[in-house]
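Okay, here's what each chain looks like letter by letter:
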Amino acid sequence: MFKLDIQNIIETINDTLAMDLTISKKFDKKTTARSLIKYMLIDNKNKRYLLEIATNNIEIFYFKRTIEHQEKFSKLKHNFKLNMPLYVQSGNKLSYALYEYFDDISFFSNSKPIDELVQFYEENSIEIETTDENIDKILANFLSAWPNQFHSMIKRQKEFQDYEKELRQFTTIKVFYEHGDFTTNNIFNVSNDLYLTDFEFTRDFQPIGFDSYDYATSTKNISKYENNFYYKDLHSQKYNLIEKINKKVDNNDIDIDIEIYNNLDDSILKENWIKLYNKGANYNLSFVWCNTWLKHFKKTNQDISIFTIWNDKNLVFLVPLYKSKNNLYLIGSNPDLFDSFGLLYENEKYIKQFYDFIFKNNYNIDFRYLDADSMIAKVLIKYLYQNNITYDSKIIDTKPKTEFNSFKIKTKKNSDIKRCKNRAIKNYKSELDFTFSIKKDDNTLSEFIQIHKERWHGGPFQDIENYDLFIKDISQTDLVILSKLYIKNKTVAYHFAYMDSNSILNSAIPSYSNKYNDISPGKVLLFEILEYCKNNNYKVFDFGRGAEEYKYWFSNESSILFHIKTYSNSNILIKLKNLSNKIFNKLNRIFYA
């Protein structure tokens, strides 16, 4: 970790400039990632100076931009005064500059700065055609105001793409130098001179007029200056884009590996989410399932938090979560309508990056129904142990499944199924018919729900508010396969299942009519479904959570599911718990030594 030696810096400046400067005060550091460390220095005549210091990569990036563009701007024709540095030391680990400090200044809230800008534009701007080459140059210069590691993230933003589309609407456009942060607090009056400061966002070859829009916005009186605007709609979009980018950069500091989306409206996110899901994942990680669950079950105190990792423009990791207080839950939790916790990822290294981010930022996360055999669980247990993370865990359930590469129905069960089918012919004068995937119209779904409610005395359709609406909505997607067993067009049983992108059919809601208990309809329907899956190249039939007896009629594998709930070490209750455990262990050693 870099340790700042402020006295050494002052001594260097004093020796170089033959001055006798000492510290008068240290200014509070702003919370933005680019904010510099600032000191007020005084000499032996009580004249004041400003010392600005950059100590990390982002601070140094903006420090160097400021110095560079101050110099460039000073060579342009304009009526602004610049407070040029008296001394500059620029390095990769430490950079600093000394400026004159102005005592008697006042800020502008009138039109003088904009009047000067308009004159500046008229005298210097050039009109260009909006060719692909020129648009690319405008956008590249726009991006140059942020470090390279943020560029891919910026280009993925919908606002960036909308800005580019708006640019391409023009046949020609005027461009020139842009200050980039032309607000009332960066423009001040010293002895009737108009001083301009803070050049960290300055860039060349930009559509003129953004500075005017920026200034008017900072005065909170845009309409007053509208007559001086160029390309107002374009700059309104640019302003909102810059606000969003800076918020993301500041919130993530120098680490932009994890990008969090707070809604599902972003078209680029949706497109890449679907693409990553299609490479193979649990049904509940699909965009459409998460979106449907949120539609019916999201509460007002739950904030959507889609954690993503991108490699350039490619999405390589995603986990759909929501946040309640400071706790993270997988979308689909409360009510729990999924079978096991999952992540979308291309490489297990991204799982660790996600855990790094979660725990370093003191999130608590509820990993519900973790499959003990999954890579996600194995990496998590190792991570928690090696990083001394506090957590609670318990075995919660089991999940039987049939793997078809080793599946063979035993002779006894085959005979049992034949007896059930023969009994149907005897009792109902007709054979049982089976259709693997039927049309999911409203009448069919209503019958399916009604049969399930009658069989299970209401069940989840009675216990979970909006469950019937969720089932009807999600049934209109390709995720759901509704199978049916029937006699003479009369429904005997239904089976509602999710088909995920791993070629796994996930049993969700089996349902059969009480009228046909004598022919074991649930058992026969399962047999028919498994036979169909085996003959049509399905990999696995997953019976879902629960150890009900019927699931073991045909399953040949099972998984153990468990919950892990983590706790931030900053949580005072956890600290007290850890302390009490240490005391208890110490007492044990004393009394039982």
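As a reminder, the structure under discussion sits directly above these lines.
Residues numbered from 1 in each chain as written. Predicted model: local features only at pLDDT ≥ 70, side-chain atom pairs only at ≥ 80, totals over all residues. Heavy atoms only, no water.

A. Spotlight on the overall build of the protein chain. When helices and strands are tallied, the protein chain shows 18 helices and 25 strands. Principal axes of the C-alpha set define a box for the protein chain whose edges measure 110 × 80 × 40 Å. Here the protein chain holds 593 residues, and 50% of them are scored as buried. Across the protein chain, contacts joining residues at least 24 apart in sequence account for 72% of those joining residues at least 6 apart. Accessible area of the protein chain: about 29800 Å², with a carbon and sulfur share of 45%. (Helix = DSSP H or I, 4+ residues; strand = E, 2+ residues; numbered from the N terminus. Buried < 20%, exposed > 50% of the residue type's maximum accessible area, 1.4 Å probe, protein only. Contact = heavy atoms within 4.5 Å. Areas by Shrake-Rupley, 256 points an atom, 1.4 Å probe, with all protein chains shown as cover.)

B. The arrangement of the environment of lysine 410 in detail. By secondary structure assignment, the location of lysine 410 is in the loop between strand 19 (390-403) and helix 13 (411-428). Overall, the relative accessible area of 61% leaves lysine 410 in the exposed class. In this structure, the C-alpha to C-alpha distance between lysine 410 and tryptophan 553, residues 143 residues apart in sequence, is 9.6 Å.

C. Seen up close, the pairing of strand 10 (residues 187-190). Of the two faces of strand 10, both are covered, the one formed by Ile187 and Asn189 as well as the one formed by Phe188 and Val190. Where strand 7 (residues 106-107) meets strand 10, two bridges bridge the pair, whose relative direction is antiparallel. Bridge pairing links serine 106 to asparagine 189 in strand 10. Counting the residues that bridge the hairpin from strand 10 to strand 11 (residues 193-196) gives two residues, and of these serine 191 lies at a positive phi of roughly 50°. (Pairing = 2+ DSSP bridges.)

D. Inspection of the nonpolar core at higher detail. Ranked by internal contacts, the top residues of the largest apolar core, which has 77 residues, are Trp273, Trp289, Phe307, Phe354, Tyr355 and Phe470. Not counting residues within four places of it along the chain, the set of residues in contact with phenylalanine 307 comprises Ile258, Glu259, Ile260, Phe317, Leu318, Val319, Leu321, Leu328, Phe354, Phe357, Ile358 and Tyr363. In terms of nonpolar packing, the next biggest core, distinct from the first, is built from 30 residues, Phe407, Ile417, Leu485 and Tyr512 among them. (Core = buried A, V, L, I, M, F, W, Y, C linked by side-chain atoms within 4.5 Å.)

E. Local environment of the sheet that holds strand 2 (residues 37-42). One open sheet holds the five strands; their spatial order is 1-2-3-6-5, and the pairing between them is antiparallel. Because the sheet does not close on itself, it has two edges, and the strands there are strand 1 (22-26) and strand 5 (87-89). With direction set aside, neighbouring strand axes in the sheet form an average angle of 25°. The pairing of strand 2 with strand 3 (residues 48-54) spans six bridges and is antiparallel. (Axes fitted to C-alpha atoms, helices over the stretch in contact; angles between N-to-C directions.)

F. Structural context of the sheet that holds strand 12 (residues 203-207). Reading across the sheet, the three strands line up as 8-9-12 and stay open at both edges, with antiparallel pairing between neighbours. The outermost strands of the open sheet, each flanked by one partner alone, are strand 8 (126-129) and strand 12. Here the strands of the sheet are splayed against their neighbours by 40° on average, with no regard to which way each runs. The pairing of strand 9 (residues 172-178) with strand 12 spans three bridges and is antiparallel. Its bridge partner being in strand 12, valine 175 is matched across the sheet by proline 207.

G. Focus on the layout of surface pockets. Here the largest pocket is characterised by a volume of approximately 1200 Å³. Lining the largest pocket are 39 residues; nearest its centre among them are Lys30, Lys38, Asn185, Asn186 and Asp198. Considered class by class, the residues forming the lining of the largest pocket number 15 nonpolar, 12 polar and 12 charged. In this structure, the second largest pocket occupies an estimated 840 Å³ of space. Lining the second largest pocket are 35 residues, and of these Ala508, Ile509, Pro510, Glu548 and Tyr550 sit closest to its centre. At the level of elements, helix 14 (442-455), helix 16 (467-474), strand 22 (490-499), strand 23 (504-512) and helix 17 (521-535) are the ones that each hand at least two residues to the lining of the second largest pocket. Sort the elements by how many residues they give to the lining of the second largest pocket and strand 23 lands first, with six residues. Here the lining of the second largest pocket is built from residues that sort into 20 nonpolar, eight polar and seven charged. (1 Å grid on protein atoms, 1.4 Å probe; cavity = no way out; pocket = protein on both sides within 12 Å on 5 of 7 lines; lining within 4 Å. Points joined across faces, edges and corners; volume = space filled by probe spheres on them. Nonpolar A, V, L, I, M, F, W, Y, C, P; charged D, E, K, R; others polar.)

H. Up close: the environment of aspartate 103. Looking at the element boundaries, aspartate 103 is found in the loop between strand 6 (95-100) and strand 7. In this structure aspartate 103 comes out as partly exposed when scored by relative accessible area, which is 46%. Along the backbone, aspartate 103 and tyrosine 49 are 54 residues apart, and their C-alpha atoms lie at a distance of 9.8 Å.

I. Geometry of the packing of aromatic side chains. Per the counting criterion, the structure on display carries 57 aromatic pairs. With 6.4 Å between their ring centres and 45° between their planes, tyrosine 355 and phenylalanine 359 make a pair best called tilted. Taken as a pair, tyrosine 355 and phenylalanine 359 lie in helix 11 (residues 349-360) at a separation of four residues, close to a single helical turn. In this arrangement the basic side chain of lysine 137 is found over the ring face of phenylalanine 205, its NZ or CZ atom lying 4.2 Å from the centre. (Phe/Tyr/Trp six-rings, centres within 6.5 Å; stacked < 30°, edge-to-face > 60°. Lys NZ or Arg CZ within 6 Å of the ring centre and 35° of its normal.)

J. Representation of helix 3 (residues 112-124) within the structure. Relative to the 18 Å expected for 13 residues at 1.5 Å per residue, helix 3 spans 18 Å between its end C-alpha atoms, a close match to the ideal helical length. Three or more residues of helix 3 are buried, namely Pro113, Ile114, Glu116, Leu117, Val118, Phe120, Tyr121 and Asn124. Lining the buried residues of helix 3 we find helix 2 (57-74), strand 8, strand 9, strand 10, strand 11 and helix 7 (210-218). (Expected span 1.5 Å × (residues − 1).)

K. Up close: the side chain of serine 333. Position of serine 333 among the secondary structure elements: in the loop between strand 16 (327-330) and strand 17 (344-345). Separated by 2.7 Å, the side chain of serine 333 and the backbone oxygen of leucine 330 make a polar contact. Excluding anything up to four places from it in sequence, serine 333 contacts Trp293, Tyr322, Phe338 and Arg368. (Polar contact = N/O pair within 3.5 Å; in protein donor to acceptor, adjacent residues only side chain to side chain.)

L. Broad picture of the state of the cysteines. All told, the structure shown has zero disulfides when counted by the stated rule. There is no disulfide at cysteine 420, and the cysteine sulfur nearest it, in cysteine 533, is 20 Å away. Judged by relative accessible area, which is 0%, cysteine 533 ranks as buried. (Disulfide = S-S within 2.5 Å.)

M. The arrangement of unusual backbone geometry in detail. For the bond from asparagine 334 to proline 335, the omega torsion is 5°, close enough to zero to count as cis. Mapped onto the elements, proline 335 comes out in the loop between strand 16 and strand 17. Phi at aspartate 198 is positive, roughly 60°, even though this residue is not glycine. Mapped onto the secondary structure, aspartate 198 falls in the loop between strand 11 and strand 12.

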